[in-house]
Amino acid sequence: EGFSDKDLLESITAHWLADKDKAVDEYICIIDENSNLILHTLHPESIGKYVGENKLLGTSSQSKSYLMDLVENKKDYMGDYISSAGQMQIVAFGYLPHRQWVMGIHRSKAALMKEVFSNISDLVIAFMVVCGLLMPCSLLFLCRTLYRLHRRPQRVENARRSIIEGTARTTGEDFIRS
């Protein structure tokens with residue numbers, strides 16, 4: 001409470017910009033009780049702009065609404081959002097009761113999905129190699145080995161009979177081939 005609005009906004013901006021471990025399209029905005037932007041870390045030129053008509057797309061448990069509804073009802077929100085520029089975003093808004101502001105952290109949905117899928121593409125390729133190549137080859141090898149092991153006692157018995165009956169061409173020849 002000891003900070004003026006201006007000092008607090010400058011401090012938030014400085015901390016946000018100092019953090020280097022974030023995506024280039026990720027930003028913070030703060031909206032006042034009249035649905036006007038009072039902070040935008042990615043596009044500071046948009047400060048003062050009315051954003052109450054921006055759409056909150058909702059989730060299965062929330063209906064579609066507008067940013068002004070969120071500000072008026074002093075609610076939090078997490079989900080899909082359409083920015084003033086018309087870009088589909090994933091956003092988390094939180095109500096700040098001491099200032100009657102709503103603070104949001106935004107990320108481009110397309111960029112986030114691209115990042116997620118690029119990170120799992122290696123796993124998908126590995127899964128395909130294991131399931132499509134290694135497992136079938138292993139099963140084939142296992143079946144072949146079991147088939148040979150199953151036939152070996154029969155060959156040994158046939159070789160033993162041949163030796164006893166004296167019909168073997170060479171002693172143990174059938175056994176060695178098995």
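Residues numbered from 1 in each chain as written. Predicted model: local features only at pLDDT ≥ 70, side-chain atom pairs only at ≥ 80, totals over all residues. Heavy atoms only, no water.

Enquirer: Just checking my understanding: could you explain the pairing of strand 2 (residues 37–40) for this structure?
Expert: Each regular strand carries side chains that alternate between the two faces of the sheet. Of the strand pairs in this sheet, strand 1 (residues 27–31) and strand 2 are connected by 3 bridges, and their pairing is antiparallel. Each bridged residue has a counterpart across the sheet, and for Ile 31 the counterpart in strand 2 is Leu 37. Between strand 1 and strand 2, which pair antiparallel in sequence order, lie 5 residues; one of them, Ser 35, sits at a positive phi of approximately 65 degrees. (Pairing = 2+ DSSP bridges. Helix = DSSP H or I, 4+ residues; strand = E, 2+ residues; numbered from the N terminus.)

Enquirer: Is there a simple way to explain helix 1 (residues 5–18) in this structure?
Expert: What sets the pattern is the α-helix's 3.6 residues per turn: residues three or four places apart point alike. With 14 residues, helix 1 should cover 20 Å at 1.5 Å per step; its first-to-last C-alpha distance of 20 Å lies within 8% of that length. At its buried positions, helix 1 is contacted by strand 1, strand 2 and strand 7 (101–108). (Expected span 1.5 Å × (residues − 1). Contact = heavy atoms within 4.5 Å.)

Enquirer: Honestly, the nonpolar core in this entry has me stumped. Any pointers?
Expert: Nonpolar side chains tend toward joint burial in soluble globular proteins. Core analysis: the largest hydrophobic core is formed by 15 residues, its most contacted members being Ile 31, Leu 56, Leu 67, Leu 70 and Phe 93. The contacts of Phe 93, once residues within four sequence positions are left out, are Cys 29, Ile 31, Leu 56, Leu 67, Leu 70, Asp 76, Tyr 77, Tyr 81, Val 102, Met 103, Gly 104 and His 106. One finds Ile 12, Ile 28, Leu 39 and Trp 101 within the second-largest nonpolar core, a separate group that totals 8 residues. (Core = buried A, V, L, I, M, F, W, Y, C linked by side-chain atoms within 4.5 Å. Buried < 20%, exposed > 50% of the residue type's maximum accessible area, 1.4 Å probe, protein only.)

Enquirer: So what exactly am I meant to see when it comes to the pattern of salt bridges here?
Expert: Opposite charge on two side chains makes pairing possible when the charged atoms of those side chains draw close. Inspection of every chain in the model, using the stated rule, returns 5 salt bridges. Ionic pairing is found between Lys 6 and Glu 10, a salt bridge with its closest N-O pair at 3.7 Å. Of the two residues, Lys 6 and Glu 10 are both situated in helix 1; the distance of 4 residues between them amounts to about one turn of the helix. Across the pair Lys 109 and Asp 80 runs a salt bridge, and its minimum N-O distance is 3.0 Å. Taken together, the positions of Lys 109 in helix 3 (residues 109–165) and Asp 80 in strand 5 (residues 77–82) put the pair 29 residues apart, joining distant regions of the chain. (Salt bridge = Lys/Arg side-chain N within 4 Å of Asp/Glu carboxyl O.)

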